[in-house]
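Now for the letters of each chain:
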Amino acid sequence: MSEISVIAPGATIGILGGGQLGRMLAVAASRLGYHCHIFEPQADCPASHVAAHTAAGYDDMAALDAFAAAVDVVTLEFENVPIAAVERLAQQVPVRPGAAALAVAQDRAEEKAFLNKAGIETAPWAPVLSQADLENALAFTGRPAVLKTARLGYDGKGQSAIRPDTNIDGLFDRMGGVACVLEGFVDFDLEVSVLAARGLDGEIACFETVENIHRDHILHRTLVPARVSPEIDARAQEIARRTIEALDYIGLLAVEMFVCADGRVVANEIAPRPHNSGHWSIDGATTSQFEQVVRAICGLPLGKTQRVADCEMRNLIGDEADDWAAILADPGARLHLYGKAESRPGRKMGHVTTLFPKPDR
Ligand code: AMP
């Protein structure tokens with residue numbers, strides 16, 4: 001096996017994207033003695049409060065080159081970074097995860113094709129590039145179905161449900177006339193995710209299977225562990241493991257899945273970065289998802305992922321974060337605020353994790 005070149009504490013980690021994920025990543029990296037430098041177009045972004053910040057566009061090659069010169073390794077907290085920017089950086093500094101994995105995660109059609117090729121079940125799906133495609137695809141999936149833009153969707157944005165009585169005339173144009181995928185509706189019992197990390201030596205460590213409860217298409221609560229049987233748990237873990245291996249991936253990857261009543265576990269989407277459903281791990285696991293990113297991309301041994309307690313993570317959306325004083329009054333609640341100046345409906349402002357230690361611990 002080739003020698004692994006370790007990026008030692010004291011080095012600088014470059015992070016593409018400056019939201020709350022970048023902020024929590026920078027905090028974890030700083031605990032291990034690393035510096036962080038954010039590349040994010042938006043001024044005063046959450047991560048800029050805790051790390052150096054280059055405020056420039058992803059098409060600004062001079063700024064990208066200067067950033068590459070200032071850092072020892074690059075990772076990302078936002079998957080929609082243009083591939084051209086990632087490739088430019090990769091000529092100068094290691095980028096982990098790399099452009100190939102990112103390209104898969106950026107496009108739902110690529111993602112589903114990739115998963116299916118790796119032997120992982122997804123919803124029945126078809127690419128849709130025109131209204132005629134949509135009609136044919138619907139004949140294949142049947143109703144209900146969900147039409148999603150192939151790129152740039154999140155938290156239910158860029159999605160349109162097609163119910164038995166939905167009139168689909170002109171729907172492709174109403175979606176913006178952009179490349180889409182049509183997915184058959186999966187009649188699931190619950191949603192789970194598994195976060196897997198893979199290090200430079202190929203070692204893989206998965207966090208426990210967690211259960212995700214959404215409200216208005218946004219993650220509301222994560223329950224750790226997920227309320228699933230050992231068989232379902234093992235299936236979810238195996239899907240995450242197989243996905244990260246097939247991608248030849250370095251870093252942390254989230255795999256979101258549907259669990260069906262008949263025991264099927266169906267992959268929904270992957271995220272090539274720390275994930276909202278892993279926030280519990282800051283307070284509830286031996287190693288947090290953010291520390292695990294640092295370990296994986298710097299060639300360090302991966303940390304233990306086990307939970308130290310059962311946990312519930314609740315997102316603070318919009319004005320829910322105004323309740324910070326009441327949350328702090330509960331001495332067991334672990335409050336995290338992202339430092340966003342402006343609260344808007346649907347905006348993730350913070351989260352709170354509650355630990356339920358076992359009586360014998
Ligand atoms: P996504 O942006 O693909 O993660 O979808 C957001 C949410 O919409 C998911 O977490 C599910 O609750 C729901 N959803 C998405 N796709 C499907 C599907 N094919 N069948 C059933 N529900 C879906």
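Residues numbered from 1 in each chain as written. Predicted model: local features only at pLDDT ≥ 70, side-chain atom pairs only at ≥ 80, totals over all residues. Heavy atoms only, no water.

1. Quick notes on the pairing of strand S17 (residues 348–356)
Turning to step 1, where the next piece is worked out: Across eight bridges, strand S15 (residues 310–317) lies against S17 in antiparallel orientation. Each residue of the ladder has a partner; that of Arg314, found in S17, is Val352.
Turning to step 2, where the next piece is worked out: Two elements, strand S16 (residues 333–337) and S17, share five bridges in a ladder whose sense is antiparallel. Counterpart to Leu335 in the pairing with S17 is Val352. (Pairing = 2+ DSSP bridges. Helix = DSSP H or I, 4+ residues; strand = E, 2+ residues; numbered from the N terminus.)

2. Overview of the pattern of salt bridges
Turning to step 1, where the next piece is worked out: Using the criterion set out here, one finds 19 salt bridges in the structure.
Turning to step 2, where the next piece is worked out: The salt bridge involving Glu121 is made with Arg264; its shortest N-O contact spans 2.6 Å. One end of the pair, Glu121, is in the loop between helix H5 (108–117) and strand S5 (125–128); the other, Arg264, is in the loop between strand S13 (251–260) and strand S14 (265–271), with 143 residues separating them in the sequence.
Turning to step 3, where the next piece is worked out: Arg264 gets classed as partly exposed once you look at its relative accessible area, which sits at 34%. (Salt bridge = Lys/Arg side-chain N within 4 Å of Asp/Glu carboxyl O. Buried < 20%, exposed > 50% of the residue type's maximum accessible area, 1.4 Å probe, protein only.)

3. Comments concerning the domain arrangement of the protein chain
Turning to step 1, where the next piece is worked out: Here the protein chain is described as being made up of domain 1 (3–95), domain 2 (124–184) and domain 3 (188–357).
Turning to step 2, where the next piece is worked out: Distance between the C-alpha centres of domain 1 and domain 3: 22 Å.
Turning to step 3, where the next piece is worked out: Counting from both sides, the interface comprises 24 residues of domain 1 and, opposite them, 23 residues of domain 3.
Turning to step 4, where the next piece is worked out: Taking both sides of the interface into account, the surface hidden between domain 1 and domain 3 amounts to around 2000 Å²; carbon and sulfur atoms contribute 71%.
Turning to step 5, where the next piece is worked out: Per-residue buried area on domain 1 facing domain 3 is highest for Gln20, Leu21 and Met24; these three make up 26% of the total on that side. (Domains from an automatic or database assignment. Contact = heavy atoms within 4.5 Å. Buried area = accessible area lost by both parts, 1.4 Å probe.)

4. A few points about helix H8 (residues 230–246)
Turning to step 1, where the next piece is worked out: Helix length check: H8 (17 residues) gives 24 Å between terminal C-alpha atoms against 24 Å at 1.5 Å per residue, within 8%.
Turning to step 2, where the next piece is worked out: Turning to H8, its buried residues number three or more, namely Ile232, Ala236, Ile239, Ala240, Thr243 and Ile244. The buried residues of H8 occupy one face: seen down the axis, they fall within an arc of 120 degrees.
Turning to step 3, where the next piece is worked out: Asp248 occupies a position one or two residues after H8 and carries a positive phi of about 50 degrees. (Expected span 1.5 Å × (residues − 1). Arc of directions from axis to C-beta.)

5. A closer look at the environment of Ala105
Turning to step 1, where the next piece is worked out: Here Ala105 is to be found in helix H4 (residues 99–106).
Turning to step 2, where the next piece is worked out: Spatially, the C-alpha atoms of Ala105 and Thr286 are 28 Å apart, while their sequence positions differ by 181 residues.

6. Topic: unusual backbone geometry
Turning to step 1, where the next piece is worked out: With an omega dihedral of 0 degrees, the bond running from Arg96 to Pro97 counts as a cis peptide bond.
Turning to step 2, where the next piece is worked out: For the peptide bond that leads from Arg143 to Pro144, omega is -5 degrees, which places it in the cis range.
Turning to step 3, where the next piece is worked out: Position of Pro144 relative to the elements: it lies in the loop between helix H6 (131–141) and strand S6 (145–149).
Turning to step 4, where the next piece is worked out: Notably, Asp216 is not glycine yet its phi reads approximately 50 degrees, a positive angle.
Turning to step 5, where the next piece is worked out: Structurally, Asp216 can be placed in the loop between strand S11 (210–215) and strand S12 (218–224).
Turning to step 6, where the next piece is worked out: Even without a glycine there, the phi angle at His217 is positive, about 70 degrees.
Turning to step 7, where the next piece is worked out: By secondary structure assignment, the location of His217 is in the loop between S11 and S12.
Turning to step 8, where the next piece is worked out: Taking the relative accessible area as the measure of exposure, His217 reaches 53% and is therefore exposed.

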